[in-house]
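Descriptive structure summary
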Amino acid sequence: MPRYSITTFGCQMNVHDSERMHDVLRCAGYTEAGSAEEADVLVLNTCSVREKAEQKLRSEVGRLARWKRERADRVLVVAGCVAQQEGERLLKQMRAIDVVVGPDNIPELPGLLGDLAIGGLPIARTVFDLDAPRFLVASPPSPSSSSSPRAAPTAFVTVMKGCDERCSFCIVPHTRGPERYRPSDEIVAEIAALVAAGTREVTLLGQTVNSYRDPLGALPRAPGASADDPDESEFAALLRRVAADVPGLARLRYTSPHPRHLTPSLVLAHAELPVLPRHVHMPVQSGSDRVLRRMIRRYTRAEYVARTRALVEAVPGLTLSTDIIVGFPGETEDDFAATLSLVREVGFKGLFGFKYSRRPHTPALKLPDDVPEGVKGERLARLFEASEALLGAHLSDLVGTTQEVLVEGRDKERGHGGAGGALWSGRTGRHEIAHIDGAGELDLLGEVVEVSITRANKHSLQAELTEAARAAARPRQRGGLEPRPARRSLPVVAAEGG
Ligand code: 5AD
């Protein structure tokens, strides 16, 4: 049986697409290789949102050319956004590549590999499924079969794909195509199946997830939704339907929303649905109206502040995280100062910051990339300094409080290296990472447990089970069922570089 390996770059959508590639390859008779070096088929699932990400692909292919030369039947596949962006050109530019496959063509991957195996030429398939959009579904392990592993405690479910916004810096409309929505019945059925198999938390995925509309028109209008608000969508109605139809779901998150669709109906859903955790990631990009206008974000700073304030007033204690670009064309020191003041005004508890990078096919290409690299770097450093201070103060404030943590996995498996010797780690309702000390003898995977916070680390919390949670927990069975390892990581409440 041929063995495959998938390397993933980029966003949660790519992580999700990689999981679907695992599924289609396994169904076609491939097995997962222990390492990339042992694979017969190597897939690079790529990102092109910033130039640095695209360069990563090019250097990786250069490195893999030698791996390919070692055996004639080895196959190199490039998937994801660079595949979609470059198509056939990639085959011409980099001879080591055999197959280029776009995000909407994942189901065709086994067929393309089959053609290649019988002597076909290198091929690119990058066609959007505009007429009949496909949303691939993971097959969760069956709850009745004792031999199958439990489903991971957290899962992604796609609700829409593509993007109709025209943010001037962004390549996504080009690499992911126009917006296409998945029927709400299918979304609810997938979530119900995941929950039946053991999943506790679902993150709804979409490039502008809160622009969702049900293509079958099957959702009742949500309370607070206005028929004449051009920013209104059916996202609040979808959240309400999932909450009502899948009562076993512990947490329902979503990413990434656009501030334009943070409408009163969505705020009301947050106020009324306990399944929605008290944290929202809401990309703002800049705090300067002049820059927001040139970015074609279609909201002002004041609108962003008013909308997020309404959310925090409706859900006391709700935290926000965000994405920010520094050094967009024409960004002055005053513009950047406005961004810093917005970060402090909103009090973001997590921030992804990026230096502006020119992308092909984007409207901002017409503007000169005139902020020097050194200035971009210095602004990014000042941005992170501000956000680290906010996160640090927030985490310190939590010491001594009681929080509910959804245990997502073992520290070692999740690459945290067992901070403080903790075995289990997970997320609070507000998405802070919590490491749980002294619970090694208990089986906490997938449980929502009550902990007291003992210490604040730089980007995470150290915690202990409360007496009540310890008394209620299951002992760990040696040699018992092992969880299916979670492939994803979602470090939202932490500052990251671009
Ligand atoms: N340059 C820098 N950052 C970008 N992003 C998107 N496009 C660019 C670009 N051309 C950032 C935005 C977005 C995040 C996913 O990546 O902040 O929200």
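Just so we're clear, the structure is a prediction, and the values are computed from it rather than from any experiment. (Residues numbered from 1 in each chain as written. Predicted model: local features only at pLDDT ≥ 70, side-chain atom pairs only at ≥ 80, totals over all residues. Heavy atoms only, no water.)

**Overview of the site of the ligand**
- All residues adjacent to the ligand are V49, R50, F169, Q285, D323, I325, F354, K355, Y356, S357 and R359.
- A distance of 3.0 Å is found between a nitrogen atom of the ligand and a backbone nitrogen or oxygen belonging to F169.
- In the complex, the protein chains occlude 86% of the 410 Å² of accessible area that the ligand would expose alone.
- Put simply, the parts of the chain that give the shell around the ligand at least two residues each are β13 (319–326) and β14 (350–355).
- By residue class, the composition of the shell around the ligand is five nonpolar, two polar and four charged. (Near = heavy atom within 4 Å. Polar contact = N/O pair within 3.5 Å; in protein donor to acceptor, adjacent residues only side chain to side chain. Areas by Shrake-Rupley, 256 points an atom, 1.4 Å probe, with all protein chains shown as cover. Helix = DSSP H or I, 4+ residues; strand = E, 2+ residues; numbered from the N terminus. Nonpolar A, V, L, I, M, F, W, Y, C, P; charged D, E, K, R; others polar.)

**A closer look at the side chain of S321**
- With respect to the helices and strands, S321 occurs in strand β13.
- For S321, a relative accessible area of 0% corresponds to the buried category.
- At 2.8 Å, the side chain of S321 forms a polar contact with the side chain of H281. (Buried < 20%, exposed > 50% of the residue type's maximum accessible area, 1.4 Å probe, protein only.)

**Details of the confidence of the model for the protein**
- Scored by pLDDT, the protein has a mean of 92; 91% of the residues are at 70 or more.
- Counting contacts from residues 480–498, a segment whose pLDDT is below 50, to residues more than four positions away or on other chains yields 69 contacts. (pLDDT = per-residue confidence, 0-100. Contact = heavy atoms within 4.5 Å.)

**As for unusual backbone geometry**
- Across the junction of T255 and S256, the peptide omega takes the value -10°, indicating a cis bond.
- Locating S256 in the fold gives a position in the loop between β11 (251–255) and α9 (264–272).
- In this structure, Q285 is a non-glycine residue whose phi angle is positive, near 75°.
- Along the chain, Q285 turns up in the loop between β12 (279–281) and α10 (289–294).

**Here we look at the packing of helix α11 (residues 301–314) against helix α12 (residues 333–346)**
- Relative to each other, α11 and α12 sit at 15°, their axes nearing to 11 Å. Comparing their axes, α12 and α11 come out roughly parallel. Relative to α12, the crossing made by α11 is right-handed. Taken together, the residues of α12 that come into contact with α11 (itself represented by R301, Y304, V305 and R309) are A338, S341, L342, E345 and V346.
- Taken together, the residues that form the contact of α11 with α12 break down as five nonpolar, one polar and three charged. (Axes fitted to C-alpha atoms, helices over the stretch in contact; angles between N-to-C directions. Parallel < 35°, antiparallel > 145°, perpendicular 65-115°, else oblique. Left-handed = near helix turned anticlockwise from the far one by under 90°.)

**Considerations on the pairing of strand β3 (residues 41–46)**
- Counting buried positions along β3 gives six out of six residues, so the element sits mostly inside the fold.
- By the alternation rule, side chains of β3 split into V41, V43 and N45 and L42, L44 and T46, which are all buried.
- As paired elements, strand β1 (residues 3–8) and β3 share five bridges and run parallel to each other. Each residue of the ladder has a partner; that of T7, found in β3, is L44.
- In terms of strand pairing, β3 meets strand β4 (residues 75–79) through five bridges, oriented parallel. (Pairing = 2+ DSSP bridges.)

**Quick notes on the sheet that holds strand β17 (residues 433–437)**
- Strand order in the closed barrel made by the five strands is β15-β16-β17-β20-β19, with mixed pairing throughout. Here the average twist between neighbouring strands, direction ignored, is 50°.
- Bridge count for strand β16 (residues 424–428) against β17 is four bridges, and the pairing is antiparallel. Its bridge partner being in β17, R427 is matched across the sheet by I433.

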